[in-house]
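Here is how the chains run, residue by residue.
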Amino acid sequence: MHDVPTLDQIRRAPKVLLHDHLDGGVRPRTVLELAEQTGYDALPTSDVDETEKWFAAACEAGSLEEYLERFVHTVGVMQTPDAISRVAAECAEDLAADGVVYAEVRYAPELSTQRGLSLDEVVEAMLDGFRRGAADAERAGHRIRVGVLLCAMRQETRAQEIAELAVKYRDAGVVGFDIAGPEAGFPPTRSLDAFEYLRRENCHFTIHAGEGFGLPSIWEAIQWCGAARLGHGVRIVDDITIGADGTAELGRLASFVRDRRIPLEMCPRSNVHTGTVPSVADHPIALLRDLHFRVTVNTDNRLMSQTSMTREFSELVEQFGYGLDDLQWFTVNAMKSAFIPFPQRLALINEVIKPGYAALRSESLFGRVADHAPAIS
Ligand SMILES: O=c1[nH]cnc2c1ncn2[C@@H]1O[C@H](CO)[C@@H](O)[C@H]1O
Ligand SMILES: [Zn+2]
């Protein structure tokens, strides 16, 4: 039996985040200030708390398509280099303050070209912001490394262009590529040329699949496109049958995903909000963890889903009784699956993550010993 980690311990535990959208994590106050500065007038209120609640109403969406509607407004205020850079800097600071030591944050540069910015300008503003934010976080006592993933919107037709952008900026902080947006009706093979190009360029990519659509999307992402990771991948459970005696039987696709150690970027709260699963308690993350899939825990959209890594971990602790060992397992899984070079991943695992969890475990241990120690008189 292990001690239940406290909220404070979870916050201080080193965490790794592979799936977080830049435009899904803007601070409510920043949305309002940027709207004012850039003349964006489509927000329903100018009150910070109301704005926060209004974005959080996305959690009642019940479908991916409706959940995505709110993004128009964060994207709406991210149309100048200063605005994009500020959002990225604050993102790095917020994640670092939450105990995230390594993050891959994603965004679709094509969304920020409404007022004439070029794709290069958008990417450079993001990179500048993350550099500044990480430096500010370090001054505040929290070290974080941030890598950027460039997304193409799957309902548009710019995947090849964005893939080329990811290759162009790969030595400057971009670590990979993804496709995002509505999944049903926009299968991964729609962007096949871009994925084939990325493979020829030895460039890493993940694909949102198995969230708003089922197994065919996951199958295409892996077997046609060659995705190294799956964004969500929740619907892989459709290929797993649980027998009357509780044993699990895996179909060929689920077996392949597990055998190949394909990381699942799971985002429990977001999955509830898009109607993918009924509740965190019903989330297949626990089953997939028990079956030894390479599961990772992520936030997806901190603003719309009112979440953080600490909150995601806390809910899993509450629902599934996880201890520090489980949280370390998710974290090491995520670090192993990151798109930065192998020696750097290993260094973070051995020099930051494992010592961080060991320190927390020894805290619990000494706490327990002290509780039971005879009084010294
Ligand atoms: O859970 C999700 N599934 C699919 N697309 C998403 C999700 N969350 C955000 N985006 C989409 O990704 C774009 C770039 O960051 C966002 O504008 C949003 O449309
Ligand atoms: Zn996502």
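These figures come from a predicted structure and were not determined experimentally. (Residues numbered from 1 in each chain as written. Chains lettered and ligands numbered in written order. Predicted model: local features only at pLDDT ≥ 70, side-chain atom pairs only at ≥ 80, totals over all residues. Heavy atoms only, no water.)

Draft legend 1. Region of interest: the environment of Ala61. Here Ala61 lies in the loop between helix H3 (48–56) and helix H4 (64–67). Residue class for Ala61 comes out buried when judged on its relative accessible area of 16%. The spacing of Ala61 and Pro5 is 56 residues in sequence and 32 Å in space, taken between C-alpha atoms. In contact with Ala61, other than residues within four places in its own chain, are Glu66, Tyr67 and His273. (Helix = DSSP H or I, 4+ residues; strand = E, 2+ residues; numbered from the N terminus. Buried < 20%, exposed > 50% of the residue type's maximum accessible area, 1.4 Å probe, protein only. Contact = heavy atoms within 4.5 Å.)

Draft legend 2. Just the UniProt feature "site: Important for catalytic activity" (unreviewed entry) in the protein chain, in detail. Within this numbering scheme, the UniProt entry marks His232 as carrying the feature "site: Important for catalytic activity" (unreviewed entry). In this structure, His232 sits in strand S6 (residues 229–232). Classification of His232 by relative accessible area gives buried; the value is 0%. Every residue in contact with His232, bar those within four places of it in the chain, is listed here: His19, His208, Ala209, Glu211, Leu264, Glu265, Met266, Cys267, Ser270, Asn271 and Asp300. Reaching out from His232, the side chain makes a polar contact with the side chain of Glu211 at a distance of 3.2 Å. (UniProt positions renumbered as here; feature names shortened; annotations may be inferred. Polar contact = N/O pair within 3.5 Å; in protein donor to acceptor, adjacent residues only side chain to side chain.)

Draft legend 3. Just the coordination of the zinc ion (ligand 2), in detail. For the zinc ion (ligand 2), the full set of protein donor atoms is His19 (NE2), His21 (NE2), His208 (NE2) and Asp300 (OD), at a range of 2.1 to 2.3 Å. Of note is the zinc ion (ligand 2), whose four donor atoms meet at the metal with angles of 84 to 169° in an arrangement that counts as irregular. Between consecutive donor residues of the zinc ion (ligand 2), the sequence gaps follow H-x1-H-x186-H-x91-D. Here His208, found in strand S5 (residues 206–209), pairs with Asp300, found in the loop between strand S10 (295–297) and helix H14 (309–320); they are 92 residues apart in sequence, far enough to count as distant. Overall, the relative accessible area of 6% leaves His208 in the buried class. For Asp300, a relative accessible area of 2% corresponds to the buried category. (Donors = N, O, S within 2.8 Å, 3.2 Å for Na, K, Ca; no water. Tetrahedral: all angles 85-135°; square planar, octahedral: opposite > 155°, others 65-115°.)

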